[in-house]
Amino acid sequence: MSHDLLAAVPATRPVVRATPGWWRDVAAALAWAGLAAVVLLWIAGGGLSEVSAPGAVATSLGRLTGLVAADLMLLQVLMMARVPFVERSYGQDELARWHRLAGLTSFTLMLAHVVLILIGYAAAARTGLFAETWAVVVTYPGMLLALAGFVALVMVVVTSLRAARRRLRYESWHLLHLYAYVGAGLALPHQLWTGQEFITHPWARAYWWAVWGIALGSVLAFRLGLPLLRSWRHRLVVDRVVVEGPDVVSVHLRGRHLHRLPVRAGQFFSWRFLDGPGWTRAHPYSLSAAPAGDTLRITVREADGRLARLRPGTKVLVEGPYGRLTAEQRLRPKVTLMASGIGITPLRALLDDLDAAPGDLTLIFRASDERGLVLREELEAIGRERGVRLLWVLGPRIPDRATWLPEQAKHLSDAQALLRLVPDVADQDVYLCGAEPWMLAARDAARAVGVPDHHIHLERFSW
């Protein structure tokens, strides 16, 4: 167990300004404005004009679906570009859900674009659909590249389906997902060379060049530049490694000027430990204590023991901080925190950052047995010091039931059990962290006892 129970409680904390609420509105407005601009440019280019030539309606609709699909594709890139004001406004969990929705919509519209354009061209040329498809692919400038890009995007979409993701390691899925950038890049030449908006309309051409430039610039700046700058500026290294329990270790890190790092308890970084092969793979780990001076700490459950073998002085690269599971989301004086397994780590950090009177904070910690109560001694020390109610919920899972409860509580519904533990939970904020099925069951229990959705705070780390 940890050798310094309260050493992680910070004497000085980084000054992080609250995220203005209007940032979220601005981000959403910009996204909708981009889609509106695409439609307006299509209208200005004659999209709604009365047409009588064979296939003109299909061709015009094909242009529209292609333009909207391209805009949504760029919007996807921007959502995952880690643009700071967007990330802080929405958080990766919500952005990932919007990213998947935009991706599915974009791909569907792209299919419609291909089919409608080919039908329109075939009707205009009075040829068969297959003959026209061959002619377009072989003779039109940039179409072979566009076909290759389309195949790359099909592969990304197929591997993003839930059934496929379950069969892939994260590293394999992430590598395949990068082909989305390849697909988007290969589609660009055919827009430049054959797209009516690029060829005949200077304003439309200027718009598309601008959004492509913004998307590329955001990726370079915030996925590459900012992480490298922060890693260089703060020079994080491993200070020491502490074994906390079976397969659980805490990695203590030190660096320079960490008080300037805009991080709050409850957030996470993507970490790369420069200790040899495998360092290129980033892993998302939450802080397990609020930032203290020039030190950070993560606590991780691992099977391969790699982090346990880290040596003091090992250099570390970081991306982040990310996430919105912070005290900033709190709306009520009383708070219940519910954790399962290693999901305790961001909530342990939050205990450092939540100002509350004795008795206003309740921690419910679900584990299979007492060995699974990670950081228990620390939590008990904090409970005594600050008057936090600590409730251990132990026991094996209930088979064949989606629940947050152990087997010995199977006679209770999820909502009944929550009310027994925290009778006034409906008047509190609820923070959740754990495996996604457990978290969703706990969320449903909180909803069932009357906690409004905007008072329930959780962040999923599924991919």
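How each quantity is defined
Residues numbered from 1 in each chain as written. Predicted model: local features only at pLDDT ≥ 70, side-chain atom pairs only at ≥ 80, totals over all residues. Heavy atoms only, no water. Buried < 20%, exposed > 50% of the residue type's maximum accessible area, 1.4 Å probe, protein only. Helix = DSSP H or I, 4+ residues; strand = E, 2+ residues; numbered from the N terminus. Salt bridge = Lys/Arg side-chain N within 4 Å of Asp/Glu carboxyl O. Pairing = 2+ DSSP bridges. Right-handed = clockwise from strand over helix to strand, strands pointing away.

**Brief notes about helix H11 (residues 344-353)**
Next up, step 1: Of all the 10 residues making up H11, 10 are buried; the element is thus mostly covered by neighbouring parts of the structure.
Next up, step 2: Within the span of H11, buried status applies to Ile-344, Thr-345, Pro-346, Leu-347, Arg-348, Ala-349, Leu-350, Leu-351, Asp-352 and Asp-353.

**Brief notes about unusual backbone geometry**
Next up, step 1: The omega torsion across Gly-320 and Pro-321 is 10°, close enough to zero to call that bond cis.
Next up, step 2: Phi is positive for Asp-247, which is not a glycine, with a value near 65°.
Next up, step 3: With respect to the helices, strands and loops of the structure, Asp-247 is situated in the loop between strand S1 (237-245) and strand S2 (248-254).
Next up, step 4: One non-glycine residue, Asp-400, lies in the positive phi region at around 60°.
Next up, step 5: The topology assignment puts Asp-400 in the loop between strand S9 (389-394) and helix H13 (414-421).
Next up, step 6: Owing to a relative accessible area of 84%, Asp-400 belongs among the exposed residues under this scheme.

**Let's talk about the pattern of salt bridges**
Next up, step 1: Scanning all chains against the criterion turns up 18 salt bridges.
Next up, step 2: Between Asp-239 and Arg-254 there is a salt bridge; the shortest N-O distance is 3.1 Å. In this pair, Asp-239 sits in strand S1 while Arg-254 sits in strand S2, placing the two residues 15 residues apart along the sequence.
Next up, step 3: Linking Asp-275 and Arg-306 is a salt bridge whose minimum nitrogen-to-oxygen distance equals 2.5 Å. Of the two residues, Asp-275 is situated in the loop between strand S3 (268-273) and strand S4 (283-286) and Arg-306 in the loop between strand S5 (295-301) and strand S6 (316-322); the sequence distance between them amounts to 31 residues.
Next up, step 4: Residue Asp-275 is classed as partly exposed on the basis of its relative accessible area, which comes to 34%.

**A closer look at the pairing of strand S7 (residues 335-340)**
Next up, step 1: Extensive coverage of S7 is indicated by the burial of six of its six residues.
Next up, step 2: Residues of S7 alternate between two faces, with Val-335, Leu-337 and Ala-339 on one and Thr-336, Met-338 and Ser-340 on the opposite face, all of them buried.
Next up, step 3: Alignment of S7 against strand S8 (residues 361-367), held across six bridges, turns out to be parallel. In the strand pairing of S8, Val-335 is matched with Leu-361.
Next up, step 4: In this region the chain leaves S7, passes through H11 and returns to the parallel neighbour S8; the handedness of that crossover is right-handed.
Next up, step 5: Pairing geometry for S7 and strand S10 (residues 429-433), over five bridges, is parallel. Counterpart to Met-338 in the pairing with S10 is Leu-432.

Bear in mind that shape data such as this cannot, by itself, settle questions of function.
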